[in-house]
Amino acid sequence: MIFKQFLSLNPQDYHLTTPLCDDIQLWDNLLGAILKEQAGEDILQLAQKLYKAPSDASAPDLLKRFPALKDPLRVQALLRAFTVLFQLLNLAEQKEIVRVNLKRQAEADANAPRRESLLDTVMQVKAKGVDADAMRRLLGRLEIVPTLTAHPTEARRRAVLDQLEILVTLLAESSQPKEVTRLDQPLNRGSRVENDLHRALTALWLTEELSLTPVTVEDESRNAVYFLEHTIFPIVAWLHQDLKNALKETYPGASFEVPAFLKYRTWVGGDRDGNPNVTPEVTWKTLTFHKRTALQIYLKQINSLLREFTQSARRVPADQALRKSLAKDAAEAPLKAERQNRRAQEPYARKLQHIRVRLQATQKSLHASSTHAIDAAHAPDPAAYKNAADFLSDLEVLRNSLRKSRAHILVDEGPLADLVVQAKTFGFHLAALDIRQHSKEHAFAINELFEAAQLVPGNRVYKNLNEQEKLDLLTQELQNPRPLLPIGWKGSERTQNVLDVFRVMRRANRMFSKEAASTYIISMTHTLSNLLEVLVLAKEAGLVRKSHHGDDWTLKSDIDVVPLFETIEDLERCDGLMKQLFDNPAYSRQLEARNRFQEIMLGYSDSSKDGGYMSATWLLHDAQERLANICHDHSVDMRLFHGRGGTVGRGGGRASLAIRSQPPHSVNGRIRFTEQGEVISFRYSFAPMAHRHLEQIAGAVLHSGCSSQEENAPKTEWREAMAMMAASSQEAYRALIQDDDFWTFYVQATPIKHISRLPIASRPVSRTGGSMVGMDDLRAIPWGFSWVQTRYLITGWYGIGTALDAYISQSPEHLGRLQEMFQRWPFFAALVNNARLELLRAHMPTAAVYAARVVPKEIGDRIHGLIEDEFNRARNCISQITQDSDEVKRANVIERTVQLRNPIVEPLNRIQAMLMDLCDPEKESGELQNDAWREAMLLSLAGIAAAMQSTG
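The numbers attached to residues start from 1 for each chain and follow its sequence in the written order. Per-residue local features of the predicted model are confined to residues with pLDDT of at least 70, and side-chain atom pairs are confined, for both listing and counting, to 80 or more; whole-chain, interface and lining totals are unaffected and use all residues. The basis for every side-chain value is the complete set of heavy atoms in the structure, and neither hydrogens nor water enter the calculation.

Asker: When you look at the packing of helix 10 (residues 280-306) against helix 19 (residues 493-511) in this model, what are you seeing that I'm missing?
Answerer: The description of two helices packed together rests on the angle between their axes and the distance between the axes. Axis definition: a line fit to C-alpha positions, over the contact stretch in the case of helices; interaxial angles, taken between N-to-C directions, run 0 to 180 degrees. Helix numbers and strand numbers start at the N terminus; a helix is a DSSP run of H or I with at least 4 residues, a strand a run of E with at least 2. Between helix 10 and helix 19, the shortest axis-to-axis distance is 9 Å and the interhelical angle comes to 20°. Classed by the angle they form, the pair helix 10 and helix 19 counts as roughly parallel. Taken as a pair, helix 10 and helix 19 cross one another with a handedness that is right-handed. Residues Pro280, Thr283, Trp284, Leu287 and Lys291 of helix 10 touch helix 19, and the partners they reach there are Asn497, Asp500, Val501, Val504, Arg507, Ala508 and Met511. For this classification, the nonpolar set comprises Ala, Val, Leu, Ile, Met, Phe, Trp, Tyr, Cys and Pro, the charged set comprises Asp, Glu, Lys and Arg, and every other residue, Gly included, is treated as polar. In terms of residue class, the contact of helix 10 with helix 19 is built from 7 nonpolar, 2 polar and 3 charged. Note that the term roughly parallel is reserved for angles under 35 degrees, roughly antiparallel for angles over 145, roughly perpendicular for angles of 65 to 115, and oblique for everything else. We call a crossing left-handed when the near helix sits turned anticlockwise from the far one by less than a right angle, and right-handed when that turn is clockwise. Should any heavy atoms of two residues lie within 4.5 Å, those residues are considered in contact.

Structure, rendered in structure tokens:
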């Protein structure tokens, strides 16, 4: 095959590994050939000229130098070419991560297992003095809960992701030695792989990059379920087996019961904060979709097992429990006569057939229930499983009978063992659905309900009461067993939506599983009344019920109420609020009803937007320690829920390092965190990537769960230094965003107006859903997205330079102290390293092109100057702390890949700045205001997102 290079890249110049260089050059060559075929030689030449052109051209200069850019269709093709290149580079890097880990696995031995594998982790934990009994206690509380969200940070369509998956699979195959034996491929496999790559890349080029229609909640739900079904479902079983093997090898002779320690949850279809598209009906459809998918997966697994479990009763006799189970099946879930006869001497296969009949009956029952109204009841099929526990019981009956013979190898590992783990993990709900709503919506509904029930004395209204009056009234209502409202009462549509969500939760918990929808998260939790309001609403729906025991009373509760602390002020006072909550007589009953378990969510996005990266990071760290202490003092079993995003400014970075850097005992074997947007597709598109991600997280949680209070505990002077620097950093950050000219600069120097038009999510970019009028209304995700696009990336570093510089200047000893903190305090090391990475990805010359658009020019120059000065301060201070050398920089793979990407990203940025001039949404007249130019603008957003491997 004859190739035409796209940009003639030379990755060897950046000291990348030979396999990665080979893959990059393969993509460069192949994309050049595709462009020549599909777009024409002129597009190829234009791309090469732009790549080699000086990077300081303004938008008008760019049009003069390249007149071809006056054609929007040519611009679209050009943007698409660069976008596809970055998508291919991302695939090459993902494949390289897998290759390196496979190489390490091949080179590992019992004394030096692959780094950060579960075997490596368990061996390290044992070396810390954790004996078998202590390990059993740790396993008993081990719980890792990744939570998939639909936040608008994935700029690629599902169709594009599918094409990329085909391409990376072919890329991996092309790297295999030609003599590798493959029984599923023709003998002339080598030439076919080249042709397959060419064909697959052509298919990607001909696939629309952007959706032609707005994204719906149903689209987002299908996307989340895709990853659950195709990647996460098998990986969970792999991790479980990894941990079993690691324990067996590290603690020979000891026995362990490994729990289903990975539990997936999702917000997709349940997160209604600021998203009017997430209605109660949508939430119900999402829950039924989850169960339908889980049943389909299990049926597929059972059909596969039928081909393996063909053992006869003569060779592997069925035990009494299996025989009894089969008799029950014959009465309740009979087989067709021919199937019964065919498997007459194969009890294990026959049991699987009965399981299949029951799963099919459960499907039919689900279909019947999903067609009823939210509050309606229906009669289930008698052959259907009542719940996932009954399904799991059937699998265990099969497994136990085989264990009693010499066939235990068939069930201790392999597909049946995997299915048991998967049934324990996913049940029939697949992923538990969280419900999230803003606190103001609950307050509005309570105000209307209390007014209808005439509960507020003195002709007053609830919303006008002070906090203590609200607490007294809410606490009193929780102690009253009667409902608030008469049967048939209808309030406003806004209140009815709030109430109906609780009714959906009640129905799902009764019909599907108690885990299906049992968590209610309150955005912008500011006061204690915000939490009690939700309990009162849950009580009205029957999710919370009062019962008397003599003179005392208790609550029965089917839900966990989770406060979300996400502003700087809320983080500062969250421990005091939780103490008040635990001391409240009504909420203390809620705690008892939930086994004294309390989940607390911390918001990384809004806190960073509110106070800047360094300040928010420190306050979040400090808040975790304070919350852990409060929960310990009140004998509350706490699980922290970290609302992390993809970028550093939203808590991103390596999740395992973030866990290891948390305060002692804040990770008590339990942790929950969000997986958002492009992070989901990066981590979960390919099974080996997901495997690596999850084994690192599990290892970090095991390490943290057995750490002593003193381990990694910072010195007093370190904490004092951090508090001082955090305050200084926040002051510098707020001075920028509160500058009188900042909003003028922001809306002109960033593509925020266009981000709101990008069809990548069902949720609006502003909380009100209307046009943006200022910082308070703008969501944190598009805020971060806009700074990534312009290469400023201030959300991951602004303010840290001022803080470090001021501290270092105070005393000659301070630089040495910061260097010691960097070497010995994981939290500070993670903070500095994350900021260092964002500074590396930022590019001030490119950012200046965007600043040049601002009118009046004085504002653009001044604000850009402030940002650039802080950028230089931050780089200089961090370099002093980390004591970087040229050798260290060259050894850093991330730095080298960023250096490779930087000159390729610049043409995209220059074209986007040009398009911002041509497609200003506020200028609706002019010959350039048409759909072709607007589509080009949106393509530029997607292209830079691919280039930066990051959106919001």
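Asker: How do you make sense of helix 7 (residues 158-174) when you look at a structure like this?
Answerer: For an α-helix the count is 3.6 residues per turn, leaving residues at separations of three or four pointing the same way. With 17 residues, helix 7 extends 25 Å between its outermost C-alpha atoms, agreeing within 8% with the 24 Å of an ideal straight helix rising 1.5 Å per residue. Partly exposed describes any residue whose relative accessible area lies between the buried limit of under 20% and the exposed limit of over 50%, with all areas from a 1.4 Å probe on protein chains only and scaled to the type maximum. Along helix 7, the residues classified as buried are Val160, Leu161, Gln163, Leu164, Leu167, Val168, Leu170, Leu171 and Glu173. Given a helix with a known number of residues, its expected span is that number minus one, times 1.5 Å.

Asker: Help me understand the nonpolar core in this model?
Answerer: Among soluble globular proteins, nonpolar side chains are generally buried collectively. In this text, buried Ala, Val, Leu, Ile, Met, Phe, Trp, Tyr and Cys residues form a nonpolar core when linked through side-chain atoms within 4.5 Å. Ranked by internal contacts, the top residues of the largest apolar core, which has 154 residues, are Met135, Ile144, Leu243, Tyr298, Leu359, Phe450 and Phe502. If one sorts the elements of this core by residue count, helix 9 (residues 217-250) sits on top with 13 residues. Here Leu359 is in contact with Leu295, Tyr298, Leu299, Ile302, Tyr385, Phe391 and Phe428, once residues within four sequence places are set aside. In this structure, Leu46, Tyr746, Trp783 and Val788 belong to the second largest nonpolar core, which totals 133 residues.

Asker: Which parts of the structure should I look at to understand unusual backbone geometry?
Answerer: Across residues other than glycine, the phi torsion is negative in most instances, and most of the peptide bonds are trans. The omega angle of the peptide bond from Val855 to Pro856 is 0°, so this bond is cis rather than trans. Residue placement: Pro856 occurs in the loop between helix 35 (844-851) and helix 36 (857-882). The backbone of Gln454 shows a phi angle near 55°, a positive value even though the residue is not glycine. Locating Gln454 in the fold gives a position in the loop between helix 17 (439-453) and helix 18 (467-478). The phi torsion at Ser635 lies on the positive side, around 55°, for a residue other than glycine. Structurally, Ser635 can be placed in the loop between helix 24 (613-633) and strand 10 (637-643). Classification of Ser635 by relative accessible area gives exposed; the value is 55%.

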